[in-house]
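Structural description and commentary
Now for the letters of each chain:
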Amino acid sequence: LLRRFVIVSLVVMFVTASILVFLNRQAELTEHNEIAALNNEKIALHLMHSLDDQINTLVTTSNGLDTQALKTNPNIALLPPALETDREYDILKLKIYNPSGVTVYSSAKDEIGGISMHQDMLARALSGEVTHKMEFRNSFLSATGEMHDVHVAVTYMPLTHAGKRIGVIEIYSDASPFFKHIYADTI
């Protein structure tokens, strides 16, 4: 009888510990998602305020241009080259869309002229809503080249100029260090 009690007690403790670890992990993931989303919003707002005129010029001069013309648009040069490799904010990639949902700027140059992989998020941002997503990518094209097995925090935020919505800014930041920490804690 004592042996059964000990075995049942151990099983109950193991199950309880597993549930507590899972709940703690979920709470940490939720908290990190919120922090990453707020950080991306802060970065987007900073860029929109500090580069307001340059972004507006780039977006407004891109209307009606085909993919080749977008890639060679001289107004891209208005945005500082530091955006492409800015490690101060840990930006992996920055994209700007015009109101038609076409990429008019990307720190991954080959994506200029393309459309978003997240059409639902882009549509919501074009209608004025800020959207966020955390995702794992086997392969990710960042401003500095291709990355593998990376967790990214994605934010789509409406771009405004003089109170008028002119497009969308999309920011990817690296969430991999946090996920590595969470996985290590869980184990």
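Only a predicted model underlies this, so the values are computations on that prediction, with no experimental measurement involved.

**Thoughts on the pattern of salt bridges**
All told, the structure shown has 6 salt bridges when counted by the stated rule. In this structure, glutamate 129 engages arginine 124 in a salt bridge whose closest nitrogen and oxygen atoms are separated by 3.3 Å. Residue class for glutamate 129 comes out partly exposed when judged on its relative accessible area of 36%. Among the residues examined, arginine 124 registers a relative accessible area of 35% and is labelled partly exposed. Arginine 137 is the partner of glutamate 135 in a salt bridge, and the nearest nitrogen-oxygen pair spans 2.6 Å.

**Some thoughts on the sheet that holds strand β5 (residues 164–174)**
Taking strand neighbours across the sheet as the criterion, the 5 strands line up as β2-β1-β5-β4-β3 in an open arrangement whose pairing is antiparallel. At either end of the open sheet lies a strand with only one pairing partner, and these are β2 (103–106) and β3 (131–142). Between one strand axis and the next, the sheet turns by 25° as a mean value, whatever way the strands run. Sitting on the sheet, helix α2 (residues 52–60) touches β1 (91–97), β2, β4 (145–161) and β5, and the angle it makes with β4 is about 95°.

**Considering a nonpolar patch on the surface**
Side chains of Ile7, Val11, Phe14, Val15, Ile19, Leu20, Phe22 and Leu23 sit close together on the surface and give an oily, nonpolar patch of about 800 Å² of accessible area. Its place among the elements puts phenylalanine 22 in helix α1 (residues 2–50).

Cut-offs used in this document
- Just so you know, the residues in each chain are numbered from 1, in the order the chain's sequence is written.
- The predicted origin of the model limits local features to residues at a pLDDT of at least 70 and limits the giving and counting of side-chain atom pairs to 80 or more, whereas totals for whole chains, interfaces and linings rest on all residues.
- Side-chain metrics in this entry use all non-hydrogen atoms of the structure; hydrogen atoms and water are not considered.
- Within this document, salt bridges are pairs made up of a side-chain nitrogen of Lys or Arg and a carboxyl oxygen of Asp or Glu, the two lying within 4 Å of each other.
- Exposure categories follow from relative accessible area, calculated using a 1.4 Å probe and restricted to protein chains: below 20% of the type maximum is buried, above 50% is exposed, and the middle band is partly exposed.
- When DSSP finds at least two bridges between two strands, those strands are taken to pair.
- Numbering of helices and strands runs from the N terminus; a helix is a DSSP stretch of H or I covering at least four residues, while a strand is a stretch of E covering at least two.
- Geometry is summarised by axes, namely lines fitted to C-alpha atoms with helices restricted to the contacting stretch, and by angles between N-to-C directions that run from 0 to 180 degrees.
- Should any heavy atoms of two residues lie within 4.5 Å, those residues are counted as being in contact.
- Any residue with relative accessible area above 30% and no salt bridge may belong to a patch, with like charges joined within 9 Å and the nonpolar Val, Leu, Ile, Met, Phe, Trp and Tyr side chains within 5 Å.
- For accessible areas, the Shrake-Rupley method is used with a probe of radius 1.4 Å. Any residue's cover is judged against the shown protein chains and nothing else.

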